[in-house]
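# What the coordinates show
Each chain, written out:
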Amino acid sequence: MRCQQCQFENVPGESRCFKCGSVLSGQSFAVDVHPPRMGKVARPLRAMFRRLRCWHVLPDGGIQAWLPDWLKIMSWNAFAAIILSIVPGLAHLAQRRFRQILWYFAGWVVFLLAGMFLYGSNMGFLLVGLAIAAHAWIAFHASLIKEHAEAGRRAFDIVVLLVLLAFIYWGVRVSAFRDFVWGYTTLTIPYQSVQSGDCLFARYSRARVDTLSRGSLVLVPLRQVAVGRANWTRARGEMIVQIVGLPGEKVGISNASFVINGKVLDSRRFPVPRWLLGADTWTIVVPADSYFVSTEYNVRPQTYTEAIGSACLAGSSEIEAKAVMVWFPLARRGFLRPYE
Amino acid sequence: MRRFSHLEFGDRRDEGAGKIPAGEEIRDAEYFHKEALRYWLAGDFELALRNYSRALEQNSTYYPGWLGQVLMLIELGEYKEAAVWVDKALEMFPEHPELLAAKAVACARDGRMEKAVAYSDNSIAKDNVTSLVWLARAEVLLNRKSNIAQNCISKAVSIAAGEDGLMVRLRAGRLLNQRGDYAAALQYLRAVTDELPRSALTWYELGCCQAKLGRPEAQVSFEQALKMHPDWALAEEALRKFKNRGFFARLFGR
């Protein structure tokens, strides 16, 4: 009795092959030959669970079948992969082919971290842009690379992904970092290692929670300074300035130093702006709900006196944020020192 | 009709036994296997499955019957049942590479990729690897988005010959069509339609492929499929959708 599967010659009368265990032909015996069938109710449920379990290996159908034809620009699987790719590499991770984009992912991480580190500079923006590009390529690679073979279509997909991701990054920046703001200062403060033109990192919440003490660097919108017939306008809308006088204090200048209620302040900690240095002796009482702030203006020394009231007094409600660290240049990056 | 015409008498029965009316085929397992293949090519998987069962009723050790049942269950989307049934078939034909490959396909379509890969690895490691095993391997690899799936399909087509080669090309075309490689699928399916012009399944698959590529010939293919298998709901639906596709689908060729 020869086995049909392995051709082994068995002893006559055997029902199964001695070598491979197959049923020998001619040894037909009673066996149920009708397979089990799936119930009608189970079909949609199983299809749903299958799709949830392994959406990326299934052929299109199901949800895509419900879509109108004009919406079928891409398959449902590609769409799902793009949605997952909002987190770079997640779609590949789900598809267990993360290794294919390992270097792109590494590039994205490097670009993003470097871009965040240098955020605010041209190089920082360039690096964030490169991170977005790497992210778009990962999303494209997750689904559309096989779906759209034509070069033009691929280029179109990448551009659309770039625009979408740029919006997403902008949204994340706005929502996650809503407490943070960058501002520039025109002051040079040796005590804080701050120089004119430095970019400082400020937080909105600190201006509301912390007590604003003398020496605090705060972000305020500078008002227009009008002196005589010449109108001097601010160089930027918002500027980091230093609080010198607190509400109710009497502020003046003597020997290139601020004088508060008759007490002379250290000029290294509270430098006097150049436009105030050539002035006559003056004294101003800070109103109850305002602060005396110092900042540089492009005002001629001969015409400053009338401008002090409008340029150096900032209302409590006008103070938007409190600076916490020097952001640029990198050589001076660091947290600000507290004033005693 | 006379009153006692249906009564059976010993002598008459003995005379009739063993005599086969001229022109009628012997309804053995082979016959039902052919019938099942015919229904499969017509796209009627339910009837094909029934015929495979009838083939096994004739001979429960008929291997193509077991394999056919499993493949039809997969075609019908009953993957769990197919896995159960292939286990039963494996009891009778242990370690059979085609059955293992069929189980790999059932697992892959059910989204159980680890099992699918394991069964495919097992099947491909056997000695007498057939084209069906290579096709199953290709399906598992396509699910993993592997680029070497195409090589497995080429291998399957190259080792299949004759009528079996046609079936393999049809399966390869269907596989590529399902997985979105329409251009490659079209080549296989065109070759098969030339050889099997009366197969509704082939015309339907060709139509699907052409529709995906935005080719107007798809309508003719669907109509051909409906001509071969009238009132086939799947083909009717595909034809209706192709005729009613929207502006953007026409613009983008999808």
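Calculation rules
- Residues numbered from 1 in each chain as written.
- Chains lettered and ligands numbered in written order.
- Predicted model: local features only at pLDDT ≥ 70, side-chain atom pairs only at ≥ 80, totals over all residues.
- Axes fitted to C-alpha atoms, helices over the stretch in contact; angles between N-to-C directions.
- Helix = DSSP H or I, 4+ residues; strand = E, 2+ residues; numbered from the N terminus.
- Parallel < 35°, antiparallel > 145°, perpendicular 65-115°, else oblique.
- Left-handed = near helix turned anticlockwise from the far one by under 90°.
- Contact = placed C-beta atoms within 7 Å.
- Nonpolar A, V, L, I, M, F, W, Y, C, P; charged D, E, K, R; others polar.
- Buried ≥ 20, exposed ≤ 12 C-beta atoms within 10 Å, placed from the backbone.
- Pairing = 2+ DSSP bridges.
- pLDDT = per-residue confidence, 0-100.
- Arc of directions from axis to C-beta.

So, on to the packing of helix α3 (residues 45–58) of chain B against helix α4 (residues 63–75) of chain B. Residues and elements named next belong to chain B. It is at 9 Å that the axes of α3 and α4 come closest, and there the two elements cross at 160 degrees. Viewed along their axes, α3 and α4 adopt a mutual orientation that is roughly antiparallel. Here α3 runs over α4; the crossing is left-handed. The residues of α4 that touch α3, namely those facing F45, A48, L49, Y52, S53, A55 and L56, are G65, W66, G68, Q69, M72, L73 and E75. For the contact of α3 with α4, a count of residues per class yields 9 nonpolar, 4 polar and 1 charged.

Residue and element names in this part refer to chain A. Counting buried residues in strand β11 (residues 290–294) gives 4 out of 5 residues, a clear majority hidden from the surface. Bridging between strand β6 (residues 238–245) and β11 involves 3 bridges; their strand directions are antiparallel. The residue of β11 that forms the bridge with G245 is F292.

All names here are of chain A. The predicted model of chain A has a mean per-residue pLDDT of 80, with 81% of residues at 70 or higher. Mean pLDDT values over the elements of chain A span from 46, in strand β4 (residues 225–227), up to 94, in helix α5 (residues 102–117). Taken as a whole, residues 225–235 scores under 50 in pLDDT and shows 22 contacts with residues more than four places along the chain or in a different chain.

All names here are of chain A. Ordered by their spatial adjacency, 4 strands build an open sheet running β9-β8-β7-β10, and the pairing between neighbours is antiparallel. Strands with a single pairing partner mark the edges of an open sheet, and in this sheet they are β9 (263–264) and β10 (283–285). Alignment of strand β8 (residues 257–260) against β9, held across 2 bridges, turns out to be antiparallel. Within β9, the position partnered with I260 by the bridge is K263.

For the rest of this paragraph, the subject is helix α14 (residues 233–243) of chain B. All names here are of chain B. Buried within α14 are the following residues: A235, A238, L239 and F242. Viewed along the axis of α14, the buried residues span an arc of 100 degrees, placing them on a single side of the element. Seen from the buried face of α14, the exposed residues on the opposite side, beyond 90 degrees, are A233, E237 and R240. In this structure, the buried side of α14 is in contact with α12 (200–212) and α13 (217–228).

All names here are of chain B. Where helix α6 (residues 97–109) contacts helix α7 (residues 113–124), the two axes come as close as 8 Å, and the packing angle between them is 165 degrees. Classed by the angle they form, the pair α6 and α7 counts as roughly antiparallel. Crossing of α6 against α7: the hand is left-handed. Across from P97, L100, A101, K103, A104, C107 and A108 in α6, the residues of α7 making contact are M113, K115, A116, Y119, S120, N122 and S123. Grouping the constituent residues of the contact of α6 with α7 by class yields 9 nonpolar, 3 polar and 2 charged.

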